[in-house]
Amino acid sequence: MLSDVTTPQDLDDRFRESLAALAAPPHRSDPARPVAEGSALTGAQLLDLFDAQVTSRQLDLAGRWLRSFGEGYYTIGSAGHEGNAAVAAALRPTDPALLHYRSGAFYCVRAAQADPSAPAVPPSASAVRSGEPAAETAPAARASQPTDAAEAGRTTEAGPSGRSGASPVPDLPESSEQGAAPGEPAGGPATDGTDSPSGAGSSGGTGSPDGVGSPGAAAIDRSDGDAADLPRAADSGSNPEGQATAVGDQPAAVPLAHSRPATVTVPAPGPGDDVGPDGMRMTGVKRPLPRAYADAARDVLRGMVASSQEPIAGGRHKVFGRADLAVVPTTSTVASHLPRAVGMGLAVERLRRLDARGEANRAGVEPEPTPWAADAIVVCSFGDASINHASATAAFNTAGWYDHTGLRIPVLFVCEDNGLGISVRSPQGWVATALRSKPGIRYFAADGADLVGTYEVAVEAAAWVRRHRRPAVLHLTTVRLMGHAGADAESAYRPASEITAEVARDPVVATARRLVDAGLASGPELLDRYDEIGWQVRRIAEEVLDEPKLADAAEVIAPLAPRRPVRVALAVADAGARAAGPDAVTRAEAFGGKPPELAGPLTLAQSINAALTDGLLSHPQMAVFGEDVAAKGGVYGVTKGLRDRFGVARVFDTLLDETSILGLGLGAGLAGMLPVPEIQYLAYLHNAEDQLRGEAATMRFFSQGALRNPMVVRVAGLAYQEGFGGHFHNDNSVAVLRDVPGLVIAVPARPDDAAAMLRTCLASATVDGSVCVFLEPIALYHTRDLYTDGDGEWLADYADPGAWAGGHVPVGRARVYGVGSAEDVTIITFGNGVRMSLRAASALADEGIGTRVVDLRWLAPLPVADLIREAAATGRVLVVDETRRSGGVGEGVIAALVDAGYVGAARRVAAVDSFVPLGPAARQVLVSEEAITQGARTLLAR
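Residues numbered from 1 in each chain as written. Predicted model: local features only at pLDDT ≥ 70, side-chain atom pairs only at ≥ 80, totals over all residues. Heavy atoms only, no water.

**Some remarks on the overall build of the protein chain**
Here is step 1 of the chain: Within the protein chain, the secondary structure is distributed over 27 helices and 21 strands.
Here is step 2 of the chain: Here the protein chain, with 942 residues, has 61% of them falling under the buried criterion.
Here is step 3 of the chain: Approximately 33100 Å² of the protein chain is accessible, and the part contributed by carbon and sulfur atoms is 53%. (Helix = DSSP H or I, 4+ residues; strand = E, 2+ residues; numbered from the N terminus. Buried < 20%, exposed > 50% of the residue type's maximum accessible area, 1.4 Å probe, protein only. Areas by Shrake-Rupley, 256 points an atom, 1.4 Å probe, with all protein chains shown as cover.)

In structure tokens, the structure reads:
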């Protein structure tokens, strides 16, 4: 009898009762044959997937067991979601996957697919005739390779957009496809068909609570063109550049590729044994848990106990991830990884097209490694509650938006719908309705309790995305067993009858029933298998208990943000040497025959523009993108002319959504590009902070440096725009950035510093995988004068490439200006404060007061050594902080001085804790030159 809360013991007992109640199989079938008529999945492969499901279930039970005596630290499990094993089987092991935290079975299958020790053609479950020697190999692997469901049918598909207009990347031609009727969405008019491919409607599952289909049925929505519109294999003689082809002559989806066999069969020993078709006698033989499954189980258990030997996060978190399995770690199921998945899809397709045209790397430049296959697709899984999150909405919208414009994004979204977000229910029918309605995203659906049906639909969905390079969503109906996590008391929000009904839909029991009905095993045999795997998982759990944990802070943060300043300096010097040497002609052409070093003194905006041009020349994988950066050249002209110089493949406009802009950058960096996204105003960044905090900054931390997403985020910000704006265009808050571990924050004030610091950020991203925020003071973009009108002292010459090495600005180093004797007071500041402080220092010099003005240049990491030296030189420190008094930069500067033992006088001048108002009222809350001079006088009067 089940209790109100589905405990591990409850679930285990019910599983045993269910398998014990299964009738003996009516016959024994050849496991090398399809499990059902018309199915691409063989009995052997279904047995193998059952092993993956059982391994996942036993991991959940082990996690609760570990937690029961205080040695397990993570109890969110995959029970009820084991149908995702079929999704993994439908994909290639080289397809990058971003998995949510109920992906135990998927992870096991991916590990088996990628197992290098397994034979390419396994000695799979072979049927042998009585008296004949056991076959060493069988054609099962070959015969069971799934064909793209649409390979047997149509050869054309509707065009990506019914709207005229240029694609964001028109110089990357798309495949030859038939256009949609004017005014129709991509792929033609929407319909609500539910016809399914052969084998997709297999019985064995239960109905969807979301109205996805009838019990046991898998549904495919034809609203974005026919799913079966892929060309036949015989029609693939030509391959237009925009089309993807499978590697070799293998089909697009390979179930359990290169994995070990699920079952080995031998001659039946005597009379009375079951006899299969064609006189073949069948019997199953016990076999150990496949090594790949055991390794996957060890990975997961190490994560549960926070072992430092866990292969991806090293004890820092429990995640599904391994670089060699192309599984990218994610830390949340609340959709924050979906924008990255879209960015990965965009980058994969862009790199594929450039590779096809031979343009991925310039001559003389060492090619960048491409992490994934040319025809890879990105898979991204999440829960049903996540579709309501702003990040998910942004990702779906961006994928559909780009598809409508004709740009390809090969992403398969997988929504695993158990109907609950912890305790909050998804309204009946809401998930299906919401997912079906996403423009530009093809909809597929399956019952996760029906492993065979799920596999068939997943194969078709993956093949469609792979062939057409367009986004799709697979809506997988699941159940949630044992609650949200170990501490979740479901009885508080679910009646016992509902919990009992959920357990009755256990997908592992459903697979066991399918195996028995197909004559592949008996209930007792499967229960023996369940116990055998459980014993092995428990044994591994006991072994990992003794493994070491992270022992000190240095070990914890080691992969967070490595700094290799010598290598970064060498990278800057190398870029300068190339620009002055072999690339000099190309560089001169890019600048229209007049390089910036010959153009005379430049403004801050002009200097950044020139440095971006040099960056695009030096880094073939660099791309600049954001709102208004291409056609308009930026709202302040900073990116003017870049699109004309480098084309729309490398400089392009995005839709107006900061979450999506950063998501594109995150995915592009992971794919091997060097993204330079622009956030139009600092205040707009707050809409998308989690993409930096929760995603960008954590990648190295949760992958021990095995994966990285280098990125330089340009942000126009800070205050002092005369006669323009209000708080959205004059935002002076950077606190949310400064406490993100590992984030580099650069704030150039002078034109010469801006170019050098941007080169440093690009080199740091390339060398160390750094995530850099390059905060550009808007009010200084076009400033020319310092002390008097027309003096031109805020302009600066652009450095000749040969001088880049000598003028290199390392991360975390300040710049010091001496005014007068420079012996009386030290002013520490940044951004707009540098110009104001220098003007104030000039006024103080007229009074006989000597000043050192220290430009921090880097807000993270702070130039602590420079601060201490310059503070000690005068014994009086005035911190001029244009950000707010509470949570501002000045707090960090003062704390750094105190921590270092500074004992002199110190004072702060900072902005008021207020939003910046419109017009002249802004002067009432911002730092002024008068406040700086008065602050210095007060220090000296003490």
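Read on for the rest.
**Some details on the side chain of D12**
Here is step 1 of the chain: Position of D12 relative to the elements: it lies in helix α1 (residues 8-20).
Here is step 2 of the chain: For D12, the side chain forms a polar contact with the side chain of R16, separated by 3.0 Å. (Polar contact = N/O pair within 3.5 Å; in protein donor to acceptor, adjacent residues only side chain to side chain.)

**Remarks on the pattern of salt bridges**
Here is step 1 of the chain: Within this structure, the stated rule accounts for 41 salt bridges.
Here is step 2 of the chain: Measuring nitrogen to oxygen at the nearest pair gives 2.9 Å for the salt bridge that ties R469 to E349. Pair noted here: R469 is in the loop between α10 (451-468) and β9 (472-477) and E349 is in helix α7 (residues 338-356), with a separation of 120 residues, a long-range link.
Here is step 3 of the chain: Under the relative-accessibility criterion, E349 is labelled buried at 2%.
Here is step 4 of the chain: Notably, a salt bridge pairs E543 with R539, separated by 2.9 Å at the nearest N-O pair. With E543 and R539 both in helix α13 (residues 523-544), this residue pair falls four residues apart, about one helical turn.
Here is step 5 of the chain: Note on E543: relative accessible area 34%, which makes it partly exposed.
Here is step 6 of the chain: Judged by its relative accessible area of 29%, R539 falls in the partly exposed class.
Here is step 7 of the chain: Each of the salt bridges in this network shares a partner with another, and the network as a whole consists of R813, R852, D866, R869 and E870. (Salt bridge = Lys/Arg side-chain N within 4 Å of Asp/Glu carboxyl O.)

**Observations regarding the sheet that holds strand β16 (residues 815-819)**
Consider a sheet: its strands pair through backbone hydrogen bonds, and that pairing is either parallel or antiparallel.
Here is step 1 of the chain: Strand order across the open sheet formed by five strands is β16-β18-β17-β20-β21, with mixed pairing between neighbours. Strands with a single pairing partner mark the edges of an open sheet, and in this sheet they are β16 and β21 (905-911). Strand-to-strand twist of the sheet, defined as the mean angle between neighbouring strand axes without regard to direction, takes the value 20 degrees.
Here is step 2 of the chain: Relative to strand β18 (residues 851-855), strand β17 (residues 825-829) is paired through five bridges, and the arrangement is parallel. (Pairing = 2+ DSSP bridges. Axes fitted to C-alpha atoms, helices over the stretch in contact; angles between N-to-C directions.)

**A word on the sheet that holds strand β13 (residues 711-717)**
Here is step 1 of the chain: Taken in spatial order, the seven strands of this open sheet run β11-β10-β12-β13-β15-β14-β19, and their pairing is mixed. A single partner strand is all that each edge strand has here, and the edge strands are β11 (651-653) and β19 (858-860). Within the sheet, the average angular offset between the axes of one strand and its neighbour, ignoring direction, is 20 degrees.
Here is step 2 of the chain: Two strands pair when backbone bridges link them, and strand β14 (residues 744-746) and β19 are joined in this way by two bridges, in the antiparallel orientation. Its bridge partner being in β19, A746 is matched across the sheet by W858.
Here is step 3 of the chain: In the packing of helix α17 (residues 604-618) onto the sheet, the strands contacted are β10 (622-626), β11, β12 (674-679), β13 and β15 (771-777), and the crossing angle to β10 comes to about 135 degrees. (Contact = heavy atoms within 4.5 Å.)

Honestly, it's all geometry; don't read function into it.
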